[in-house]
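Analysis of the macromolecular model
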Amino acid sequence: MSTSSLSAATAPVKESDPQNAFPRTRPRTYTDAINAFNTLQPYQDYVAQLARSLETACLILQMCGWVRRVGYSPSDFDALNIVHVAGTKGKGSTCAFTSRILQEYAPLILPPGRQKIGLYTSPHLCNVRERIRIDGTPLSEDLFAKYFFEVWDKLQETKPQLPPETDAKARLGDPQVTVMPTSFEYTTLMAWHVFLEENVGMVVMEVGIGGEYDATNVVERPVATGITLLDIDHVKVLGDTVERIAWHKAGIMKKGVRCFSVSQVEGAKAVLAERAQEKGAELIWVPNWNELKGEVELGLQGGFQWANASLAMELAREAVRKVSGGKIEIGFDGGVPKEMVRALKETRWPGRCQVLRDKVKSNVEWCLDGAHTIESMKVAGRWFAKREWKSDEKVQDEMRRKRVLIFNQPNRARDAKKVVEAREQQHIPSSISSLLTGAEARVKEEPLFHHAIFTTNIIYRNNSVNPDLVFNQHGSDTLEIQELTVQRELENEWRVLENGVPTSLSRSVEEAVEVARGLAGEGEELVVLVTGSLRLVGGVLVVLEWNEEEEEEEEEEEEQVVVVGKA
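One structure accompanies this document, and this report is about it. Every value quoted in this text rests on a predicted model; they were computed, and no experiment measured them.

A short note on the pattern of salt bridges
- Going through the model one piece at a time under the given rule, you end up with 33 salt bridges.
- In this structure, Lys 338 and Glu 339 form a salt bridge, with 3.4 Å as the shortest nitrogen-oxygen distance.
- Taking relative accessible area as the criterion, Lys 338 reaches 59% and is therefore assigned exposed.
- Each of Arg 357, Glu 365, Arg 387, Glu 388, Arg 401, Arg 403 and Glu 525 takes part in one network of salt bridges that share partners.

Structural notes on unusual backbone geometry
- Here the amide bond leading from Ser 122 into Pro 123 is cis, since omega sits at -5 degrees, within 30 degrees of zero.
- One non-glycine residue with positive phi stands out, namely Asn 199, at about 60 degrees.
- Considering the arrangement of structural elements, one finds Asn 199 in the loop between α7 (183–197) and β5 (200–206).
- Phi is positive for Cys 353, close to 50 degrees, though the residue is something other than glycine.
- With respect to the helices, strands and loops of the structure, Cys 353 is situated in the loop between α12 (338–346) and β9 (354–358).

Side note on the packing of helix α5 (residues 141–157) against α7
- It is the contact of α5 with α7, at a shortest axis distance of 10 Å, that shows an interaxial angle of 115 degrees. Pair α5 / α7 crosses with right-handed handedness. Contacts between α5 and α7 pair Phe 144, Tyr 147, Phe 148, Glu 150, Val 151, Trp 152 and Leu 155 from the former with Tyr 186, Met 190, His 193, Val 194 and Glu 197 from the latter.
- Across the contact of α5 with α7, the residue classes break down as nine nonpolar, one polar and two charged.

Topic: the sheet that holds strand β3 (residues 132–134)
- Taken in spatial order, the eight strands make up an open sheet running β4-β3-β2-β5-β1-β6-β7-β8, and their pairing is mixed. Two strands bound the open sheet, and with one partner strand each, they are β4 (137–138) and β8 (283–285).
- Summarising the sheet, strand β6 (residues 224–227) and strand β7 (residues 259–261) pair through three bridges and their orientation is parallel. Looking across to β7, one finds that Gly 226 is bridged to Phe 260.
- Here helix α4 (residues 91–109) sits on the sheet in contact with β1 (82–86), β2 (116–120) and β5, set at roughly 170 degrees to β5.
- Of the strands in this sheet, β1, β2, β3 and β5 touch α7, which is tilted by about 20 degrees from β3.

Concerning the side chain of Asp 32
- You can see Asp 32 is positioned in helix α1 (residues 30–37).
- A polar contact is formed between the side chain of Asp 32 and the backbone nitrogen of Thr 29, at a distance of 3.0 Å.
- Once residues within four sequence positions are removed from consideration, Asp 32 is found in contact with Phe 22, Arg 26, Pro 27 and Phe 149.

Side note on the packing of aromatic side chains
- According to the stated counting rule, one finds 14 aromatic pairs in the structure shown.
- Taking 6.2 Å as the distance between ring centres and 55 degrees as the angle between the ring planes, the aromatic pair formed by Phe 449 and Trp 494 counts as tilted. Residue Phe 449 is located in the loop between β13 (446–447) and β14 (451–455), and its partner Trp 494 is located in helix α17 (residues 485–497); the two are separated by 45 residues in the primary sequence. The two residues Phe 449 and Trp 494 agree in class, both being buried.
- According to the relative accessible area criterion, Trp 494 is buried, its value standing at 0%.
- An aromatic cluster is present here, built from Tyr 30, Phe 144, Phe 148, Phe 149, Trp 152 and Tyr 186 joined pairwise through their rings.
- For Arg 275, the ring lying beneath its charged end belongs to Trp 247, and the centroid distance is 4.0 Å.

Conventions adopted
- Residues numbered from 1 in each chain as written.
- Predicted model: local features only at pLDDT ≥ 70, side-chain atom pairs only at ≥ 80, totals over all residues.
- Heavy atoms only, no water.
- Salt bridge = Lys/Arg side-chain N within 4 Å of Asp/Glu carboxyl O.
- Buried < 20%, exposed > 50% of the residue type's maximum accessible area, 1.4 Å probe, protein only.
- Helix = DSSP H or I, 4+ residues; strand = E, 2+ residues; numbered from the N terminus.
- Axes fitted to C-alpha atoms, helices over the stretch in contact; angles between N-to-C directions.
- Left-handed = near helix turned anticlockwise from the far one by under 90°.
- Contact = heavy atoms within 4.5 Å.
- Nonpolar A, V, L, I, M, F, W, Y, C, P; charged D, E, K, R; others polar.
- Pairing = 2+ DSSP bridges.
- Polar contact = N/O pair within 3.5 Å; in protein donor to acceptor, adjacent residues only side chain to side chain.
- Phe/Tyr/Trp six-rings, centres within 6.5 Å; stacked < 30°, edge-to-face > 60°.
- Lys NZ or Arg CZ within 6 Å of the ring centre and 35° of its normal.

So this is what it looks like as structure tokens:
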């Protein structure tokens, strides 16, 4: 379908509505686009609201309404040859691996002029542009603003005139009369528009929440679907058992389309198999290619990434087969093809087992991982402890290595009493205990951490807001934040688990970074693990003034160490 209608001129809109405050009568910038984006309702709040109202099924109907309002139909997206990925853990990494592999094969399977690979993921770490990438690179500010307002203007043109009292009801019912999308629905619409306008030949698309009712699931004919490791998350929306969560994730399966999944626990495995039969999809279980470690090097750290890479290899393999009409079959009989080897090694994905060197204090190293579920915290702890054990072997005798934790996880806090009770019952009650359990809590008979800092996700000490991260600080003015309620609960839990290891509480990420830097004495090597929340990781990257697009890659043996921050 032609997209020229999105560029048609319209009369200036009224300024009285905040969402109408960006008229065409003046040039509109990236800052304008972000300010407009920040007027939209946070997607997770909206989905939780619908879940409480048992109206989740209306989300797909509503999304189809948005698609029509911006000038498309869902079948238009079939031209994008979409690889659709759901799951709990490793979705972003799997999508990054898959996208990078497809870049290698694009010249062989796509026509000239359409050999670009699109990637759509969420949430973003430092800026909204990260969500929409072409050949691995986020959209430029100019392109983002251009396409943002093309979609914005079309939605404004088709905006129904409803009495205010009917709007809330409309949002839960008729998709034709809903006024504006949520933040995630909007960027999803925008991504499809961008990829079609930019002549992208294939797209890797990550699900937002769940799958069955996710905004991305209006896609009718993906070339392949994938499901990463499942775990308990978003329980208010998806349910509190892995079986219920598996039901939602399997919603992306499509009739006649192969679905690839990593190994799952038995309950989830049974649900996925049942849903595949119900939907007429072929479900293929992907082996973990651990044996390839001597043949392939991954660009992402962490042993768990082998499962994500294995899934990505199969997804890319199937996508190449489908798009080439069966003319190109990627085989592994002679080993992993050189194209895949190169792609897997060159894959980068910020905020997941990422290692950075601090430029303000050269003896400080930052390890960042956005783990936020019980199981992923175990994995993060295992990765960090294993890495530290190796690092201790390299550190000279005169250089002590001090380890600091910066942590926040407001949605999963537990008080100390519950921790004690759960430990007595041999449970893993929380993410902190899971972090320590995964690491076996010790490095060379010492505590894993010598200091723990519990912080809010507020980025700056003066409460100034980075426009790209407004949603990351949603609810930051609550009494709970002001009184550090969650941080005190986490500190109490820590004292039960690691009594004797000192702690600090910080009101901002900026303050937490400064406290950590201050713990690095002369002759000491300080390493800081930042984990518990992708929002926290993003905040730390902002404070460190890390810039993905200007990053200079410096690889040392098996890991990448990057200089960040201004001196």
